[in-house]
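Letter by letter, the chains look like this.
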Amino acid sequence: MSSQSESPENSGTPENPDFDDLTRDIADVPAVEVITTVAVHLMSAAAVNLGLAEDGEKHKDLDEARKLITALAGLVTAGAPEISNFHAAPLRDGLKSLQLAFREASLVPDEPGTGPGEKFTGPVYG
């Protein structure tokens, strides 16, 4: 009888990835890379939902953008001390730009301190 690692089910095909290999791969990625990668994905998704992408108005959804910006603010605020200012500063800048873009895109803008993510970052002013 063959072992589990030799079975076709564990061959690591795209349809059936080898989860042991994936686990080892992610273990080799430094935390700073994981945090910044997740932050960039949140920023990109928020920008699309703010209507800042090509064909922006078609994808504009401020409710979704608010959620993404708030999640980004939490990640950046909590992660900044762990990833150094070198990595955190551009993330903070991008976050602030998204927060200001959200305020600009809103028909009734939130007061400073009540916008998306501002419970983590404090009030954002232009």
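Just so we're clear, the structure is a prediction, and the values are computed from it rather than from any experiment. (Residues numbered from 1 in each chain as written. Predicted model: local features only at pLDDT ≥ 70, side-chain atom pairs only at ≥ 80, totals over all residues. Heavy atoms only, no water.)

A.B. asks: Quick question: what am I supposed to make of the packing of helix α2 (residues 31-49) against helix α4 (residues 62-105) here?
C.D. replies: In a packed pair of helices, the relevant descriptors are the angle between the two axes and the axis-to-axis distance. Orientation of α2 relative to α4, taken along the N-to-C sense of each, is 150°, at an axis distance of 8 Å. With respect to each other, α2 and α4 are oriented roughly antiparallel. As α2 runs across α4, the sense of the crossing is left-handed. Tallied by class, the residues present in the contact of α2 with α4 amount to 21 nonpolar, four polar and one charged. (Axes fitted to C-alpha atoms, helices over the stretch in contact; angles between N-to-C directions. Helix = DSSP H or I, 4+ residues; strand = E, 2+ residues; numbered from the N terminus. Parallel < 35°, antiparallel > 145°, perpendicular 65-115°, else oblique. Left-handed = near helix turned anticlockwise from the far one by under 90°. Nonpolar A, V, L, I, M, F, W, Y, C, P; charged D, E, K, R; others polar.)

A.B. asks: Hey, could you run me through the pattern of salt bridges in this one?
C.D. replies: Once the charged atoms of two side chains with opposite charge are near each other, the side chains can pair. Within the structure shown, the criterion is met by five salt bridges. The network of salt bridges with shared partners includes Asp-63, Glu-64 and Lys-67. (Salt bridge = Lys/Arg side-chain N within 4 Å of Asp/Glu carboxyl O.)

A.B. asks: Would you mind going over α4 with me for this structure?
C.D. replies: One turn of the α-helix equals 3.6 residues, which is why residues spaced by three or four share an orientation. For α4, spanning 44 residues, the distance from its first C-alpha to its last is only 8 Å, which falls clearly below the expected 64 Å at 1.5 Å a residue. N-cap assignment for α4: the residue whose side-chain oxygen lies 3.2 Å from the backbone N of Asp-63 is Asp-61. (Expected span 1.5 Å × (residues − 1). Polar contact = N/O pair within 3.5 Å; in protein donor to acceptor, adjacent residues only side chain to side chain.)

A.B. asks: Would you mind going over the nonpolar core with me for this structure?
C.D. replies: If you look at soluble globular proteins, the nonpolar side chains tend to sit buried side by side. With 19 residues, the main nonpolar core has Leu-50, Ile-69, Leu-72, Leu-91, Leu-95 and Leu-98 as its most contacted residues. Every element with two or more residues in this core is listed here: α2 and α4. Sorting elements by how many residues they give to this core places α4 first, with 13 residues. Those residues in contact with Leu-72, other than ones at most four positions away along the chain, are Ala-39, Leu-42, Met-43, Leu-95 and Leu-98. (Core = buried A, V, L, I, M, F, W, Y, C linked by side-chain atoms within 4.5 Å. Buried < 20%, exposed > 50% of the residue type's maximum accessible area, 1.4 Å probe, protein only. Contact = heavy atoms within 4.5 Å.)

A.B. asks: For this particular structure, what's the right way to read the environment of Ala-39?
C.D. replies: As for its placement among the helices and strands, Ala-39 is situated in helix α2. Assessed through its relative accessible area of 0%, Ala-39 is described here as buried. Along the backbone, Ala-39 and Leu-91 are 52 residues apart, and their C-alpha atoms lie at a distance of 7.3 Å. Contact partners of Ala-39, with chain neighbours within four places excluded, come to Leu-72, Leu-75 and Leu-91.

A.B. asks: Honestly, a nonpolar patch on the surface in this entry has me stumped. Any pointers?
C.D. replies: On the surface, Ile-26, Val-29, Val-34 and Val-38 cluster together into a nonpolar patch covering about 290 Å² of accessible area. Considering the arrangement of structural elements, one finds Val-38 in helix α2. (Patch = residues over 30% accessible without salt bridge, like charges linked within 9 Å, V, L, I, M, F, W, Y side chains within 5 Å. Areas by Shrake-Rupley, 256 points an atom, 1.4 Å probe, with all protein chains shown as cover.)

A.B. asks: Mind showing me how you'd approach the side chain of Glu-118 here?
C.D. replies: By the secondary structure assignment, Glu-118 is in helix α5 (residues 118-121). Here Glu-118 falls in the buried class, since its relative accessible area comes to 3%. For Glu-118, the side chain forms a polar contact with the side chain of Arg-103, separated by 2.6 Å.

So, to be careful, I would describe these as geometric facts and stop short of saying anything about function.
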